[in-house]
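What follows is the residue order along each chain.
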Amino acid sequence: MAPALALALAAALAAPPAPPAARAAFAVDDLLAIPRVASPALSPDGKLIAFTVARAAPDGARFTSSLWLVAVAGGAPRRLTFAEGERVGGPRWSPDGRRIAFVSSRGGSSQAFILPLDGGEAVQATRLASEVNDLLWTPDGGSLVVTSDVDPACGADDACNAASEAAAKARPHLAKRLLYRHGNTWRERRRSHLLRVPLAGGTAVDLTPGDRDVPPFDRGGAGDLTASADGREVLFAAVSDPVEATSTNADIYGVPLAGGPARRITSGAGWDGTPRPSQDGKLLAWRSQARAGYEADKDRLLVAAPGGAPRDLTAALDASVHELFWAPGGRIVFTANEGGTSNLYDVEVSSGQLRRLLTGANLHGLSPSRDGRIAAGLVDGMAHPSEVVVLEEGKVRVLTHFADEVLGRVALGTVQPLEAKGKDGAAVHGWIVTPPGRAPGERLPAVVLVHGGPQGAWNDAWSYRWNPMIYAAQGYAVVLPNPRGSSGFGQAYQDAVRRNWGGTPYDDVMALTDAAVAGGAADGRRMCAAGASYGGYMVNWINGHTRRFRCLVAHAGDFNLESSYYDTEELWFPEWELGRPWEDRSEYERWSPHRFVGAWKTPTLVTHGELDYRVNVAQGLSTFTALQRLGVESQLLVFPDEGHWVLKPRNAKLFHEVVLRWLGDHLAGGAGSGASPLSP
């Protein structure tokens, strides 16, 4: 079901347009005003979908969210929770479909609440000093299994955890192992454990005692936590190696809900996760990576009977499996990104026969009914934010339209694929977005946005961070390159960035930029480049290797690759990509931007989060210091309360305003010249 599906979904998602004269340019305030729909959960009988909707708080300091309900048959969504200023997440239906459990921040801490569907207020189900991150109903409906950050010495002892937390506030950090901090949080004292909380009262039970995280807090989550088909165990993923900072080797375990030792179910060399038992319990399906130490290896779909050898059901598919669930007839439905779009497949387990069911729709967040006949989910695209949909009999129906109010009054750009030939003759891919109302043949100032990862991609998907429509609305042609290293174009394409950071990927970015100029949309004399994380690294690399851009924007980008090895938290990443620097420094020396500082000439805006433990803020400060000492026009914007991503609404607004001002000041014909938004 091909491009027709994409067109049909685009039409279904499109808001009734305002008259052309009334349509405004898509602005940062519009981006922040769009309600953010997430976490769909289908009721066991397949009739109702619970989901969350987040909006920016009036003061811009955070997002608040609420729980909603929509019928699969259609109709207006209904709001279920109204607590002021709360954030909700992870709605989960009780086995009988009469209650919804969810995580809420009401009351000042993150706890589990239960809302009866037959009326009444939500009841608080946990009061844990260690709080609640995620939850799962036990199959009998009598307990919740929650993930909670406990002191391993305390386990489920709540008084002990409360005392541990109080004592920790009065003393400095003391680390005894690697991965002592992650994201924007210190983790030297806490471990994520599974606690079973009886709903009728009684003592919580720590199902996963010990000094390790369950599920691993890097890649774990709801997808790595499920109940066994017989209801006796909870299945989860856990890193099997003692030094988590250097390992991507996770295995799937099962632990009795009554308590007791966990048993290891899988033993692959790489990441095993997303366990999905068949309805009859005779088979287990899961995602598995073959290579150790590589976070971006191909995710295969494996299946095995208890104690049996696993079979790879996607050996013939050169794409990674993302989400999966069991469907009737012994089939497994799964998603896979290919060529910048998300496709839906199913596979017959007995024969291994693969079928592509849907293409051209970014379908994600899938939540199947108990029998697997239908599924709730989300669908979005570069031109429309996520909305709740139902997938039934190979068709997708859109059920919500929360973005209509904003999208109905603004004009969005036009998205087209972009292709070029790399230096080696291989096809390389990307997108180009042009402003609404562009005259035929008109050449525009251009912004080249380099994605992070490097094993990420510009997909036909909505973004609240680097949204290309914001830049197109300023009158720019937006070039979105997917160079070698990008995901969704085959594993060899993705692997090609390893030990090649500034080589082939840089050449591919330049080739796709050339293609945008040759195609007539981009004015090659008026271009800037911007990127974050690996994209920020690439911007720093660009500064030492070409003068073709009028300005640059580097967010959270590496400056000195060798020093970044020692101050990042996820050591498996540089060790796979570049090696261990004390064993061989050649790759670090070859590809480090700081070695080419003498050639830096291009005006650069440097932005960073002070709580960024992925790419330490020192990398951004070093970049700015080098630019200033060289006399290169530059600015530094640091957010004291952000990590690797700028997430808080008021910070996101300021970030966009500063970036757009910088671009406008350097691209004649772009909007935004004048004083900085930070000027008095």
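Note that the structure is a prediction, hence the values are computed from the model and not measured.

(A) Just the sheet that holds strand β25 (residues 331-338), in detail. Strand order in this open sheet of 4 strands is β24-β25-β26-β27, and the pairing throughout is antiparallel. The sheet terminates laterally at β24 (321-327) and β27 (354-358), the two strands that pair on one side only. Neighbour-to-neighbour, the strand axes of this sheet turn through a mean angle of 30°, independent of strand direction. Bridging between strand β26 (residues 341-348) and β27 involves 4 bridges; their strand directions are antiparallel. Following the sheet pairing, V347 is matched in β27 by L354.

(B) Summary view of the environment of F113. Locating F113 in the fold gives a position in strand β8 (residues 111-116). By relative accessible area, which is 4% here, F113 ends up buried. Sequence-wise, F113 and R127 are 14 residues apart; in three dimensions their C-alpha atoms are separated by 9.9 Å. If sequence neighbours within four positions are ignored, F113 has contacts with I100, A101, F102, S104, R106, A122, V123, Q124 and A125.

(C) Here's a closer look at helix α8 (residues 534-543). Burial analysis of α8 places 10 of its 10 residues in the buried class, which makes it a mostly covered element. Taken together, the buried positions of α8 are Y534, G535, G536, Y537, M538, V539, N540, W541, I542 and N543.

(D) Representation of the pattern of salt bridges in the model. Applying the stated criterion across every chain, the model contains 39 salt bridges. The shortest N-O distance in the salt bridge between R614 and E569 comes to 3.5 Å. Of this pair, R614 sits in the loop between β39 (604-609) and α12 (617-630) while E569 sits in the loop between α9 (561-567) and α10 (572-577); the two residues are 45 residues apart in sequence, bridging distant segments of the chain. Each of the salt bridges in this network shares a partner with another, and the network as a whole consists of D149, R187, R191, D211, D213 and E244.

(E) Spotlight on the pairing of strand β33 (residues 414-421). Alignment of β33 against strand β34 (residues 427-434), held across 8 bridges, turns out to be antiparallel. Across the sheet, the residue bridging to T414 is T434, located in β34. In this structure, the hairpin formed by β33 and β34 is closed by a connection of 5 residues, where G425 is found at a positive phi of approximately 90°.

Definitions and cut-offs
- Residues numbered from 1 in each chain as written.
- Predicted model: local features only at pLDDT ≥ 70, side-chain atom pairs only at ≥ 80, totals over all residues.
- Heavy atoms only, no water.
- Pairing = 2+ DSSP bridges.
- Helix = DSSP H or I, 4+ residues; strand = E, 2+ residues; numbered from the N terminus.
- Axes fitted to C-alpha atoms, helices over the stretch in contact; angles between N-to-C directions.
- Buried < 20%, exposed > 50% of the residue type's maximum accessible area, 1.4 Å probe, protein only.
- Contact = heavy atoms within 4.5 Å.
- Salt bridge = Lys/Arg side-chain N within 4 Å of Asp/Glu carboxyl O.

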